[in-house]
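Fold and geometry: a report
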Amino acid sequence: MTDASVQIGVTTDPIFGENAYTVFQREGGACWIIDPGLPPHADEIASFVRSRRLQCTAIVLTHAHGDHIAGIDDVCAALGALPIYLAREEWAALSDPDENLSSLGGFGITVQADDVRDLPPDSTLELDGLSWRVLDTSGHSPGGRSLNCSAARIVIVGDALFAGSVGRVDFHHSDGARLLRNIRENLLSLPDETQVLAGHGAATTIGQERRANPFFVRLT
């Protein structure tokens, strides 16, 4: 899937169906790894990166639930130490299975995180000359973030929004009203043609979700 030179490799784990994304613009260029989860994510991501001669500059996390962070250590073992970008509100979840919810499934996931950097809302990150704006889409988790590249008409939303649904809000620290407010203010405000890449399931667009997603219909 490409637009405005952005290319995205997608890997999906077989247990939770969680999507990890490798974002880049050109072979041999810089890349981010977004939300590396359970096996075989790390192996597939490392193979993808090497096959395209990419230079990884960061792991970027939409949030820190266990299925979105489980592959971090293995990715770093394969590709070298990387800074981790994550909203400060969720830093504790990297080392606490109760906070990242992996204890609920008996996984007990923790991450070796030596270089963690905040993702404040409305800040920007640059990848190979293109700017990505950090959007507050918390509510499913306390520091949920989405990444929007307006030039490429892409937003990567983690578990805030899915095709036909929104993220669960029955976890501790979840806030349903906050999630819906952030969707309305920070995602529905994007152009209809913006491609939505979610943490689980198929890609969709803002326009499609505005027209057909029952949560969105109630908000518009």
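What you are looking at is a predicted structure, and each value in this text was computed from that prediction instead of being measured. (Residues numbered from 1 in each chain as written. Predicted model: local features only at pLDDT ≥ 70, side-chain atom pairs only at ≥ 80, totals over all residues. Heavy atoms only, no water.)

1. A short note on the overall build of the protein
- Regarding its fold elements, the protein presents six helices and 15 strands.
- For the protein, whose C-alpha radius of gyration is 16 Å, the value lies close to the compact-globule estimate of 17 Å for 220 residues.
- Across its three principal axes, the protein shows a C-alpha extent of roughly 45 × 40 × 30 Å.
- Counting all 220 residues of the protein, 52% fall into the buried class.
- Excluding contacts between residues fewer than 6 apart, the proportion of contacts in the protein whose partners are at least 24 apart in sequence is 61%.
- Of the charged side chains in the protein, 16 are positive and 29 negative, and the gap between their average positions amounts to 7 Å. (Helix = DSSP H or I, 4+ residues; strand = E, 2+ residues; numbered from the N terminus. Rg over C-alpha atoms; globule rule 2.2 N^0.38 Å. Buried < 20%, exposed > 50% of the residue type's maximum accessible area, 1.4 Å probe, protein only. Contact = heavy atoms within 4.5 Å. Lys, Arg positive; Asp, Glu negative; His and termini not counted. Charge placed at Lys NZ, Arg CZ, Asp CG, Glu CD.)

2. Things to note about unusual backbone geometry
- The peptide bond linking Pro39 to Pro40 adopts the cis configuration, its omega dihedral lying at 10 degrees.
- Its place among the elements puts Pro40 in the loop between β4 (30–34) and α1 (41–51).
- Phi at Asp35 is positive, roughly 60 degrees, even though this residue is not glycine.
- You can call Asp35 buried: its relative accessible area is 2%.
- Phi at Leu101 takes a positive value of approximately 75 degrees, unusual for a residue other than glycine.
- By the secondary structure assignment, Leu101 is in the loop between β6 (84–85) and β7 (116–117).

3. Comments concerning the pattern of salt bridges
- Within this structure, the stated rule accounts for eight salt bridges.
- Where Arg88 meets Asp118, a salt bridge forms, and the shortest distance between an N and an O atom there is 3.8 Å. With a gap of 30 residues between them, Arg88 in the loop between β6 and β7 and Asp118 in the loop between β7 and β8 (124–127) connect regions that are remote in the sequence.
- Look at Arg88 and you get partly exposed, because its relative accessible area is 48%.
- Taken together, the shared-partner salt bridges in this structure form one network comprising Glu89, Asp136 and Arg145. (Salt bridge = Lys/Arg side-chain N within 4 Å of Asp/Glu carboxyl O.)

4. Digging into the environment of Gly158
- Assignment of secondary structure puts Gly158 in strand β11 (residues 154–158).
- Judged by relative accessible area, which is 1%, Gly158 ranks as buried.
- Measuring from C-alpha to C-alpha, the distance between Gly158 and Asp170 comes to 17 Å, with 12 residues separating the pair along the chain.
- Residues contacting Gly158, with those up to four places away along its chain left out, are Asp35, Thr62, Leu197, Ala198 and Gly199.

5. Describing the sheet that holds strand β15 (residues 204–205)
- Strand order across the open sheet formed by six strands is β8-β9-β10-β11-β14-β15, with mixed pairing between neighbours. Among the strands making up the open sheet, the edge pair consists of β8 and β15.
- Across four bridges, the pairing between strand β9 (residues 130–136) and strand β10 (residues 145–149) is antiparallel. Pairing of Val134 across the sheet is with Leu147, part of β10. (Pairing = 2+ DSSP bridges.)

6. Concerning the nonpolar core
- One finds Ile59, Leu61, Ile69, Ile72, Val75 and Leu94 to be the most contacted residues of the largest nonpolar core, which totals 25 residues.
- At the level of elements, β3 (19–24), β4, α1, β5 (55–60) and α3 (72–79) are the ones that each hand at least two residues to this core.
- Excluding residues that lie within four positions of it along the chain, Leu94 makes contacts with Leu61, Ala64, Ile69, Leu86, Asn100, Thr110, Val111, Ala113 and Val116.
- Listed in part, the 22 residues of the second largest apolar core include Ala30, Trp32, Ala152 and Ile156. (Core = buried A, V, L, I, M, F, W, Y, C linked by side-chain atoms within 4.5 Å.)

7. Overview of the side chain of Asp159
- Tracing the backbone through its elements, the reader meets Asp159 in the loop between β11 and β12 (161–162).
- We note that Asp159 is buried and unpaired, the nearest opposite charge coming from Arg168 at a distance of 8.7 Å.
- What Asp159 contacts, discounting residues up to four positions off in sequence, is His63, His68, His140, Gly167, Gly199 and His200.

8. Quick word on the pairing of strand β2 (residues 6–12)
- Where β2 and β3 come together, six bridges link them in antiparallel fashion. The residue of β3 that forms the bridge with Thr11 is Ala20.
- Hairpin remark: β2 followed by β3, antiparallel, with six residues in the connecting loop; positive phi at Gly17, about 65 degrees.

9. Describing the pairing of β9
- Judged by how many residues are buried, β9 sits mostly within the fold: five of seven residues are covered.
- Counting the residues that bridge the hairpin from β8 to β9 gives two residues, and of these Asp128 lies at a positive phi of roughly 55 degrees.

10. Observations concerning the environment of Cys76
- Here Cys76 lies in helix α3.
- Sequence separation between Cys76 and Asn100 is 24 residues, and the spatial gap between their C-alpha atoms is 19 Å.
- Setting aside chain neighbours within four positions, we find Cys76 in contact with Ile59, Ala81 and Leu82.

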